[in-house]
Amino acid sequence: MLSRVADNLYWFSRYVRRAENTARLVGVGSQLQLDMPRSVRFAWRPMIDTVGAGECFERCYPETAEAAGDADVIRFLLLDERNPSSLRTSVDSAREILRSIRDTLPQDVWEAINDLHLYIDAQGERSLSRRYRLEFLQRIVDGCLKVSGLLSANVSRDIGYQFLRLGTGLEQADMTTRIMDAGASGLVTPRNEDDREAFQNMQWMSVLRSLAGYQMFRRHVRQRVTAELALRFLLQNNEFPRSVHFCLSRVQSVLPTMPPRPGVDRHLNRLIGLTRNADPAVLAARNPAQFMDQIQVHLGALHDAIAEGYFHG
């Protein structure tokens, strides 16, 4: 397979998964706003830093950067073409890639991606309203899952499919850590310090729900949601398909089907060890955001090794 085609397949799957999880990330904040009493202060600004777009946001919205309300943050994360990781940019990037490799993937995939593109153009502005936001986000998630289902059901298990799996696993691991980061980043500030733990547990419940993991958490853990248990489940569970460990194991299972690249194996093994050896109790007692940043740095290094080994080497 040409390295250009492999690169496009890898990035196509990453952009689709990024779009889905960006919608889920905004859903964390939107759901928390509905669940929390009015006496609790809710801040959207930390969500921008969670996706690593703080500098871009300040350039795009210099007047409101520090005291950003939900309208500016929602527009930036979902619709702003100046944001390279916005929902609209991700879907448009996936669509442009698919234009160049339409003969590689089924026609149904193109139609599903094009439907998402048209829906965002037609209904995107409605997502800025709280009344229609969750409906819009759910439609995006459903559309992305449809694409993932078409790829899983209709694409031959050749080397091209392995690059799709590689991109999906890496992107989901990254976005799971970012959504967890959002849950721990102080979106909610209670007025009474005695209420902090209760509200923190509600934040983690929203994180689990946004990752479609609440029911699976209850099934595996069988305890009420706490920061420690949610962190353990989303970081280290080896059966839930959005957990970081599961995603990295998926990447590890792909590598034997591809040409050997020792640098990729080395970075992946280091990352798996970091995740496996993490202590959720310690992370919950401190701020888990620093550890999530550390994982994201290692994921970036793994991506660089993959790009150098398979696409640019």
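Structural notes, computed from the coordinates. Residues take numbers from 1 onward in each chain, read along the sequence in its written order. At least 70 in pLDDT is required for a residue's local features to be given in this predicted model, at least 80 for side-chain atom pairs to be given and counted, and no such filter applies to totals for whole chains, interfaces and linings, which use all residues. In computing side-chain values, all of the structure's heavy atoms are included and hydrogens and water are not.

### As for the overall build of the chain
Starting at the N terminus, helices and strands are each numbered in turn, a helix being any DSSP run of H or I of at least four residues and a strand any DSSP run of E of at least two. Each helix and strand counted, the chain has 15 helices and two strands in total. Just to be clear, the radius of gyration here is over C-alpha atoms, and the globule rule we use is 2.2 Å times residues to the power 0.38. In summary, the chain has a C-alpha radius of gyration of 19 Å against a globular reference of 20 Å for 313 residues, a match within 12%. Principal-axis analysis of the C-alpha atoms gives the chain an extent of 60 × 45 × 35 Å. Exposure classes here rest on a 1.4 Å probe applied to the protein chains alone. A residue is buried below 20% of its type maximum, exposed above 50%, and partly exposed in between. Here the chain, with 313 residues, has 57% of them falling under the buried criterion.

### Remarks on unusual backbone geometry
Notably, alanine 212 is not glycine yet its phi reads approximately 55°, a positive angle. With respect to the helices and strands, alanine 212 occurs in the loop between α9 (196-210) and α10 (214-221). According to the relative accessible area criterion, alanine 212 is partly exposed, its value standing at 45%. If you check the backbone angles, arginine 222 has positive phi at about 60° while not being a glycine. Structurally, arginine 222 can be placed in the loop between α10 and α11 (227-236). The exposure class assigned to arginine 222 is exposed, which follows from its relative accessible area of 67%.

### A word on the nonpolar core
Counting 106 residues, the largest nonpolar core has Phe12, Phe76, Ile140, Leu166 and Ile306 as its most contacted members. The element contributing the most residues to this core is helix α1 (residues 3-35), with 13 residues. Pairs of residues are marked as contacts when any of their non-hydrogen atoms sit within 4.5 Å. Discounting residues that sit within four places of it in the chain, phenylalanine 76 has contacts with Ile48, Ala53, Cys56, Phe57, Cys60, Tyr61, Asn83 and Ser86. Only buried Ala, Val, Leu, Ile, Met, Phe, Trp, Tyr and Cys residues count toward a nonpolar core, and they belong to the same one when joined by side-chain atoms within 4.5 Å.

### Structural notes on the side chain of asparagine 237
Structurally, asparagine 237 is set in the loop between α11 and α12 (244-254). Judged by relative accessible area, asparagine 237 falls into the buried class, the value being 13%. Between N or O atoms, a polar contact is any pair within 3.5 Å; within protein, one atom must be a potential hydrogen donor and the other a potential acceptor, and residues adjacent in sequence are included only when both atoms are from side chains. Of the polar contacts made by the side chain of asparagine 237, one reaches the backbone nitrogen of glutamate 239; its length is 2.8 Å. In this view, asparagine 237 contacts His220, Arg232, Ser243, His245 and Phe246; residues no more than four positions away in its chain are not counted.

### A closer look at empty space enclosed by the protein
Think of a ball as big as a water molecule: rolled over the atoms, this probe shows where empty space is left. With a 1 Å grid spanning the protein atoms alone, the term cavity applies to any set of points in which a 1.4 Å probe fits but cannot get out, the term pocket to an open set with protein on both sides within 12 Å along at least five of seven lines, and the term lining residue to any residue with an atom within 4 Å of a point. Grid points are joined across faces, edges and corners, and a volume is the space filled by probe spheres set on the points. The tally for this structure, following the rule as stated, stands at one cavity of 30 Å³ or more. Approximately 30 Å³ is the volume attributed to the largest cavity. If you go around the largest cavity, the residues you meet are Leu98, Arg102, Leu105, Pro106, Gln107 and Trp110. Side-chain classes are defined by residue name, with Ala, Val, Leu, Ile, Met, Phe, Trp, Tyr, Cys and Pro counting as nonpolar, Asp, Glu, Lys and Arg as charged, and the others, Gly among them, as polar. Tallied by class, the residues present in the lining of the largest cavity amount to four nonpolar, one polar and one charged.

### Some words on the pattern of salt bridges
Whenever a carboxyl oxygen of Asp or Glu lies within 4 Å of a side-chain nitrogen of Lys or Arg, that contact is scored as a salt bridge. Under the criterion given, the structure shown has 15 salt bridges. Two residues, arginine 133 and aspartate 70, come together in a salt bridge whose shortest N-O distance is 3.7 Å. Highlighted residues: arginine 133 in helix α7 (residues 130-154) and aspartate 70 in helix α4 (residues 70-78), separated in sequence by 63 residues. Among the charged side chains, a network of salt bridges with common partners joins Arg17, Glu20, Arg24 and Arg242.

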